[in-house]
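Here's the letter readout for the chains.
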Amino acid sequence: EKYNYGMVGLGVMGRNLLYNIADHHFSIAGFDLDEEKVKELQTGAGPEMKVKGTVTLEDFVSALETPRKIILMVPAGKPVDAVLENITPLLSKGDIVIDAGNSYFEDTNRRIADLASKNLHFMGMGVSGGEKGARTGPSIMPGGDLEAFHLLQPMLEAISAKVNNEACTAYMGKGSAGNYVKMVHNGIEYAIMQLISEAYDLLKRGANLNNDQLYNVFKEWNNGEMNSFLIEITRDIFQQKDSLTDGYLVDQILDKAGAKGTGKWTSEQAMEIGVSIPTIDIAVTSRILSAYKDERILASQLYSEKQITSPENTDLFIREVGDALYLATLISYAQGLALLVKASKEYDFQIPLQDVVKIWRGGCIIRSVLLEKFYSAYTKDPDLSNILLDKDIAAIVKEKISSLRKTAAFAVSNGIPSLGLQTALGYFDAYTTESLPVNLIQAQRDYFGAHTYQRTDREGVFHTSWQAANH
Ligand code: 6PG
């Protein structure tokens, strides 16, 4: 008997996704170079599951029904190419290879072309939700060959998260659109995490809240309009006791952030195609800055501790920080989604923005009730270039903007770093300003480099021979 699906890579994500598929009555074979992992797969499988572990690619490939549908869950980069090099000679015309890792979209484009030349389909598919999501229902972002997508669709819909009975998976567009959408998802993820960490700092150092109080604040936030996965896990983090000391674990964790690259790619892409996403950029660079721990210690001694004046009304301050976080988060989504709008045109992905926000409502790391509002906005206008231009979104922004200003001002005057909040506010102020002072930049460019400028009152391109004033 042949198996419906194949999974290459039986690490935590691969194994969990495989079990999820098997839970939904699809038979599936797994392969990993590490025989231990293959054994673990067998022992962990439930009695109802039709699962087979294999230790050679030959056995793996011949266990699959045709056209073969093979999911790769291996680290992005060289490991994907290594698997493809070994497996493609064993495949036959029409087989489909689906890369479910966080691969760079340009790599996916190259692989699509390479496999197409061998009459094979290659698809890039973003999967979000971490270990638990993979096992119980992730958000799934497939893109590429439509025919191949339709073959997978019933399985993807079965295993994905559900919101209002709707599956958190949809076709994200042509070519490597699936990877691109997942990349931007991660960029937004970086921004929101940065903003939450700043809110934490403001409440902890600014208003002297302890972990129990922080837990309560995040609990309240999560019970209301700020309900989201990242707020929810942050709430729980403040309750986690340390097994090695008496205190809370969060206080023992070294303040150096890691990163695997998707955030950086998002920023690079935005620069490449000319989209302004400063809150995502700052989130990437803040992780980089966090790694200079030794220098930060030296500098903090050189410039001495800052004096913090706590807010007079703590409850009011907490509310304002909450509103500031909510709005800055909304602005981060706006930036990421605007990048998708531009990329969709630039690369001809034809990304359905409405479906993107729809399938981000559940399963993924950036799921939040806010997505429902974005979904409504795109339902009204699928071609919306920026969600800040939607009238209902604007009403929310207007309600919260003064809190963002007050919170950012508090951070600035007390020397509490708040790069994320400030850039969200700065982006908003620049985006909503009709006349920016860049007329002056254009004048300077033309002055020293004859770079020319356009005028507000007539068509055409102008150059002036600027004169030094008499001093
Ligand atoms: C997800 C996550 C997942 C992974 C991040 C972590 O959507 O499930 O985004 O893909 O946890 O890539 O990225 P960093 O290691 O760069 O923080």
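Looking at an unreviewed UniProt entry, one finds the chain named 6-phosphogluconate dehydrogenase, decarboxylating and attributed to Chryseobacterium angstadtii. Turning to the chain, the UniProt record has this under Sequence similarities (unreviewed entry): "Belongs to the 6-phosphogluconate dehydrogenase family." In UniProt, the chain has this text filed under Subunit (unreviewed entry): "Homodimer."

Caption draft 1: View of the domain arrangement of the chain. Taken domain by domain, the chain comprises domain 1 (5–171), domain 2 (182–431) and domain 3 (437–471). Distance between the C-alpha centres of domain 2 and domain 3: 38 Å.

Caption draft 2: Just the nonpolar core, in detail. In terms of nonpolar packing, the biggest core is built from 138 residues, with Leu-72 and Leu-203 touching the most fellow members. Lining this core are residues from two domains, each supplying at least three of them: domain 1 (5–171) and domain 2 (182–431). Sequence-distant contacts of Leu-203, that is, excluding residues within four places in its chain, are made with Leu-209, Leu-214, Val-217, Ile-318 and Val-321.

Caption draft 3: Up close: the pairing of strand S5 (residues 96–99). What you see with S5 is no split at all: Ile-96 and Ile-98 on one side and Val-97 and Asp-99 on the other are buried throughout. With four bridges connecting them, S5 and strand S6 (residues 121–128) associate as parallel partners. Looking across to S6, one finds that Asp-99 is bridged to Gly-124.

Caption draft 4: Representation of the sheet that holds S5 in the model. Strand order in this open sheet of seven strands is S3-S2-S1-S4-S5-S6-S7, and the pairing throughout is mixed. At either end of the open sheet lies a strand with only one pairing partner, and these are strand S3 (51–54) and strand S7 (139–142). Averaged over all pairs of adjacent strands, the angle between their axes in this sheet comes to 25°, without regard to strand direction. Each of strand S2 (28–31) and S3 touches helix H2 (residues 35–44); the most contacted strand, S3, lies at about 165° to it. With respect to the sheet, helix H7 (residues 146–159) is in contact with strand S1 (5–8), strand S4 (69–72), S5, S6 and S7, its orientation differing from that of S7 by roughly 175°.

Caption draft 5: Representation of the UniProt feature "active site" (unreviewed entry) in the chain within the structure. UniProt tags Lys-182 and Glu-189 as "active site" (unreviewed entry). Mapped onto the elements of the fold, Lys-182 is located in helix H8 (residues 177–206). Not counting the four nearest positions on each side in its chain, Lys-182 is found in contact with Asn-102, Gly-126, Ser-128 and Met-141. Along the chain, Glu-189 falls in helix H8. Judged by the 23 C-beta atoms lying within 10 Å of it, Glu-189 falls in the buried class. Those residues within four positions of Glu-189 in sequence are excluded, and the remaining contacts are Ile-365 and Ile-366.

Definitions and limits used
Residues numbered from 1 in each chain as written. Predicted model: local features only at pLDDT ≥ 70, side-chain atom pairs only at ≥ 80, totals over all residues. UniProt positions renumbered as here; feature names shortened; annotations may be inferred. Domains from an automatic or database assignment. Core = buried A, V, L, I, M, F, W, Y, C linked by C-beta atoms within 7 Å. Buried ≥ 20, exposed ≤ 12 C-beta atoms within 10 Å, placed from the backbone. Contact = placed C-beta atoms within 7 Å. Helix = DSSP H or I, 4+ residues; strand = E, 2+ residues; numbered from the N terminus. Pairing = 2+ DSSP bridges. Axes fitted to C-alpha atoms, helices over the stretch in contact; angles between N-to-C directions.

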